[in-house]
Amino acid sequence: MANMSPEDYAELKAAAKKLEGQSFAMTLAAKVGKPVEALLRFLPDRAQEHVGTAVNKALEQCLRVALTFGHSGFGTKRSRRAHRLTTAFTGAVGGFFGLPGLVVELPVTTTVMLHSIAGIAAGQGEDLSQPESALACLEVLALGPQGAKGDAIESAYYATRAALAQVTRDAAAYVAQKGLAKEGAPALLSFLAKVAARFGLEVSEKAAAQLIPVAGAAGGMALNVMFTRHFQRLAEGHFTVRRLERKYGAETVRREYEGLQGRRLKA
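Everything quoted here is computed from the prediction, not taken from an experiment.

Reading guide: rules and limits
Every chain's residues receive numbers from 1 upward, in the order its sequence appears when written. pLDDT decides what is reported in this predicted model: residues at 70 or higher carry local features, side-chain atom pairs at 80 or more are listed and counted, and totals for whole chains, interfaces and linings draw on all residues regardless. Side-chain measures here rest on the full set of heavy atoms in the structure, leaving out hydrogens and waters. Strands are runs of DSSP state E lasting at least 2 residues, helices are runs of H or I lasting at least 4, and numbering of each runs from the N terminus. The buried label applies to any residue whose accessible area, calculated with a 1.4 Å probe on protein chains only, is under 20% of its type's maximum; exposed applies above 50%, and partly exposed to all values in between. Note on definitions: a residue-residue contact is assigned when non-hydrogen atoms from the two residues lie within 4.5 Å. Each accessible area is a Shrake-Rupley result for a 1.4 Å probe, and residues are judged covered by the shown protein chains and nothing else. Pairing of aromatic side chains requires ring centres within 6.5 Å, counting the rings of Phe and Tyr and the six-membered ring of Trp. Pairs whose planes differ by under 30 degrees are stacked, by over 60 edge-to-face, and all others tilted. In this scheme, the term charge over a ring applies when either NZ of a lysine or CZ of an arginine sits within 6 Å of the ring centre and within 35 degrees of the ring normal. Within this document, salt bridges are pairs made up of a side-chain nitrogen of Lys or Arg and a carboxyl oxygen of Asp or Glu, the two lying within 4 Å of each other. Between N-to-C directions, angles span 0 to 180 degrees; the directions come from axes that are lines fitted to C-alpha atoms, helices contributing only their stretch in contact. Orientation categories follow fixed angle ranges, with anything under 35 degrees roughly parallel, anything over 145 roughly antiparallel, 65 to 115 roughly perpendicular, and all other angles oblique. The crossing is said to be left-handed when, going from far helix to near helix, the turn is anticlockwise and less than a right angle, and right-handed when the turn is clockwise. As a per-residue measure, pLDDT reflects the predictor's confidence and takes values from 0 up to 100. Working definition of a nonpolar core: buried Ala, Val, Leu, Ile, Met, Phe, Trp, Tyr and Cys residues. They are joined through side-chain atoms within 4.5 Å. Pairs of N or O atoms are called polar contacts if they sit within 3.5 Å, as long as, within protein, a hydrogen donor faces a hydrogen acceptor (for residues adjacent in sequence, only side-chain-to-side-chain pairs). The span expected for a helix works out to 1.5 Å for each residue beyond the first. Bend at a given residue is defined as the angle between two axes, one fitted to the seven residues that end at that position and one fitted to the seven that begin there. Three residue categories are used. Nonpolar comprises Ala, Val, Leu, Ile, Met, Phe, Trp, Tyr, Cys and Pro, charged comprises Asp, Glu, Lys and Arg, and polar comprises the others, including Gly.

## Quick look at the overall build of the protein
(1) Moving on: Along the backbone of the protein there are 11 helices and 0 strands.
(2) Moving on: Taking all 267 residues of the protein together, the buried fraction comes to 51%.
(3) Moving on: Long-range pairs, those at least 24 residues apart, make up 83% of the contacts in the protein with a sequence separation of at least 6.
(4) Moving on: Counting every atom, the protein has about 12500 Å² of accessible surface; 57% of that belongs to carbon and sulfur.

## Re the packing of aromatic side chains
(1) Moving on: Under the defined criterion, the tally for this structure stands at 7 aromatic pairs.
(2) Moving on: Taken together, a centroid distance of 5.7 Å and an interplanar angle of 65° make the contact between phenylalanine 199 and phenylalanine 231 edge-to-face. Of this pair, phenylalanine 199 sits in helix α9 (residues 186–210) while phenylalanine 231 sits in helix α10 (residues 216–248), and the two are 32 residues apart along the sequence.
(3) Moving on: Phenylalanine 199 sits in the buried class, given a relative accessible area of 0%.
(4) Moving on: Linked through ring pairs, Phe24, Phe199, Phe227 and Phe231 together constitute an aromatic cluster.
(5) Moving on: For lysine 206, the ring lying beneath its charged end belongs to phenylalanine 227, and the centroid distance is 5.5 Å.

## A few points about the pattern of salt bridges
(1) Moving on: In total, this model carries 9 salt bridges according to the counting rule given.
(2) Moving on: Here lysine 18 and glutamate 236 are joined by a salt bridge, their closest N and O atoms 3.1 Å apart. Here lysine 18 is found in helix α1 (residues 6–20), whereas its partner glutamate 236 is found in helix α10, with 218 residues between them in sequence.
(3) Moving on: If you follow the salt bridges from partner to partner, you end up with Glu126, Glu132, Arg242 and Arg246 in one network.

## Quick look at the packing of helix α8 (residues 156–178) against α9
For any two helices packed against each other, the geometry comes down to the angle between their axes and how far apart the axes lie.
(1) Moving on: Following both chains from N to C, one finds α8 and α9 inclined at 150°, their axes separated by 8 Å at the closest point. It follows that α8 is roughly antiparallel to α9 by the angle criterion. Where α8 crosses over α9, the two elements pack in a sense that is left-handed. Within the contact between the two elements, α8 uses Thr160, Ala163, Leu164, Val167, Thr168, Asp170, Ala171, Tyr174 and Val175 and α9 uses Ala187, Leu188, Ser190, Phe191, Lys194, Val195 and Arg198.

## So, the confidence of the model for the protein
(1) Moving on: Taken as a whole, the protein shows an average pLDDT of 80; of its residues, 73% reach a score of 70 or greater.
(2) Moving on: In this model, residues 147–153 is a region of pLDDT below 50 whose contacts with residues beyond four sequence positions or in other chains number 11 contacts.

## Re the side chain of serine 133
(1) Moving on: Among the structural elements, serine 133 can be located in helix α7 (residues 131–139).
(2) Moving on: With relative accessibility at 6%, the residue serine 133 sits in the buried group.
(3) Moving on: Ignoring sequence-local partners within four residues, the contact set of serine 133 consists of Glu126, Asp127, Leu128 and Arg242.

## Describing the nonpolar core
A general trend in soluble globular proteins is that nonpolar side chains are found buried together.
(1) Moving on: Ranked by internal contacts, the top residues of the largest apolar core, which has 72 residues, are Phe199, Phe231, Phe239 and Val241.
(2) Moving on: Ranked by residue count, the leading element in this core is α9, at 11 residues.
(3) Moving on: Contact partners of phenylalanine 231, with chain neighbours within four places excluded, come to Met113, Ile117, Val140, Leu141, Phe199 and Glu202.

## Things to note about the side chain of arginine 161
(1) Moving on: Note that arginine 161 resides in helix α8.
(2) Moving on: Look at arginine 161 and you get buried, because its relative accessible area is 18%.
(3) Moving on: Of note is the side chain of arginine 161, whose polar atom sits 2.8 Å from the side chain of tyrosine 157.
(4) Moving on: For arginine 161, the contacting residues outside a window of four places in its chain are His238, Val241, Arg242 and Glu245.

## So, α8
(1) Moving on: Here α8 spans 33 Å end to end across 23 residues, near enough to the 33 Å set by a 1.5 Å rise per residue.
(2) Moving on: Helix geometry: α8 is bent most strongly at alanine 165, by close to 45°.
(3) Moving on: Those residues of α8 not exposed but buried are Ala156, Tyr157, Tyr158, Thr160, Arg161, Leu164, Val167, Thr168, Ala171, Ala172, Tyr174 and Val175.
(4) Moving on: Immediately beyond the C-terminal end of α8, within one or two residues, lies glycine 179, with a positive phi of roughly 65°.

## Focus: the packing of α7 against α8
(1) Moving on: α8 packs onto α7 with a crossing angle of 135° between their chain directions and a minimal axis gap of 9 Å. By the criterion of interaxial angle, the relationship of α7 to α8 is oblique. The handedness of the crossing between α7 and α8 is right-handed. Taking contact as the criterion, the partners of Pro131, Glu132, Leu135 and Glu139 in α7 are, on α8, Leu164, Thr168, Ala171, Ala172, Val175 and Ala176.
(2) Moving on: Of the residues contributing to the contact of α7 with α8, the split by class is 7 nonpolar, 1 polar and 2 charged.

In structure tokens form, the structure reads like this:
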């Protein structure tokens, strides 16, 4: 902590707790009273195709939205609670129509969540007119603890950021030079594929829980509120870390973060 003020160190500690805490799968299992493996058995054999279609459609739409934040007078007036209420409504609609409704519901839900994430990013000083900052909002969808069964891992957060680093740089450089003239450009597709690989797992778990008998519209509403809160929490942690990196340097913040994580695992 020698290079960081006590206040900033406390913020980093809180951010690490959000980023390395309970995964969405663990939260979901606790709420519905079933382990993740049992939940996933509710998904029909062909359901992954529906999930994949919904995830790809959602992320493609979110990419277009994210890269217009800095040029469209984007504001942060809507509260996080308002975003949760909106996703609760979309979840109710999706739950009513079951798995086929996911393809329609998820892009809407994810776009609303992205606006909430962007509001958190702007509140932490991100310049959303810069492609790298805009893409960092989509990175949030790929974050979260990987140890769904409570496995001890050094830092899921920094491991995920490392995995995304090169494709994010390439995508940001492409957008800075050419904008979204060709949305199917390899740099953008590679970035979306990396995010989709992680985000798709979370969506599969949510979809499986939505298919539990008697879940229906009410279940879809509750699940979407939980889903949105999960990503808002990750966004709070992610953009706190990024703000501290701008202030102290990436290496200093990572060293302090990993020191916190090491002490947590030993506790």
